[in-house]
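Topology and contacts: notes
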There are 2 protein chains.
Amino acid sequence: MTQAKKTRANVDIYGKHYTLVGEEDLHHMRMVASVVDDKMREIYQANKSLDTTRLAVLTAVNTMNDYLKLKEAYDALEQKLHKKEDQD
Amino acid sequence: MTQAKKTRANVDIYGKHYTLVGEEDLHHMRMVASVVDDKMREIYQANKSLDTTRLAVLTAVNTMNDYLKLKEAYDALEQKLHKKEDQD
């Protein structure tokens, strides 16, 4: 995928400007940035003493936790599907 | 799940101390923190001019991107499984 076309998305997250570079389309990249922005604001509401770095790290931690749990569920589902296919 | 037992994990992420609170076990919470720490160091290696806040935000953005793509794949797999089950 080294020749894949790169997209540059200019986004604002928690009041700072970022240029994101990726292979996804612009709409998707803006959506991801906006979900991260929302999450940071949500965590801030729950603990207003957190600085921006801590807010961002905790957002990353929460999202990583969600990702790893979903990955487990995905692997289990895939196994279930393979078992079904073997039965056919 | 309001009565679920909460775990407190004391972890270090990118040189800062955090107390994570969650319903997962201590081992899982430490593992999540360590994956986030690794990701931040990986992004730093690729761009050494980034400050800690930007590193943390970009880690959150990358992880959210992975999560949302996995969610799509999970939903597609679930649909495939349901279709198979309907055929049986």
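Owing to the predicted nature of the structure, the values given are computational and were not obtained by experimental measurement.

**Section: the interface of chain A and chain B**
Across the boundary between the two partners, chain A contributes 41 residues, which contact 41 residues of chain B. Between chain A and chain B, the buried area comes to about 4000 Å², and carbon and sulfur atoms account for 76% of it. For the pair chain A and chain B, the number of links is four salt bridges. K69(B) serves as the salt-bridge partner of E24(A), at 2.7 Å between the closest nitrogen and oxygen. Linking chain A with chain B are nine residue pairs in polar contact (both at pLDDT 80 or more), by the criterion used here. Elements with a contribution of two residues or more to the side of chain A that touches chain B: strand 2 (16–22), helix 1 (26–46) and helix 2 (52–87) of chain A. Take the side of chain A that touches chain B: its biggest share by element is 26 residues, from helix 2 of chain A. In terms of residue class, the side of chain A that touches chain B is built from 21 nonpolar, seven polar and 13 charged.

**So, the side chain of D37(A)**
Locating D37(A) in the fold gives a position in helix 1. Discounting residues that sit within four places of it in the chain, D37(A) has contacts with D12(A), I13(A) and Y14(A).

Criteria and thresholds
- Residues numbered from 1 in each chain as written.
- Chains lettered and ligands numbered in written order.
- Predicted model: local features only at pLDDT ≥ 70, side-chain atom pairs only at ≥ 80, totals over all residues.
- Heavy atoms only, no water.
- Contact = heavy atoms within 4.5 Å.
- Buried area = accessible area lost by both parts, 1.4 Å probe.
- Salt bridge = Lys/Arg side-chain N within 4 Å of Asp/Glu carboxyl O.
- Polar contact = N/O pair within 3.5 Å; in protein donor to acceptor, adjacent residues only side chain to side chain.
- Helix = DSSP H or I, 4+ residues; strand = E, 2+ residues; numbered from the N terminus.
- Nonpolar A, V, L, I, M, F, W, Y, C, P; charged D, E, K, R; others polar.

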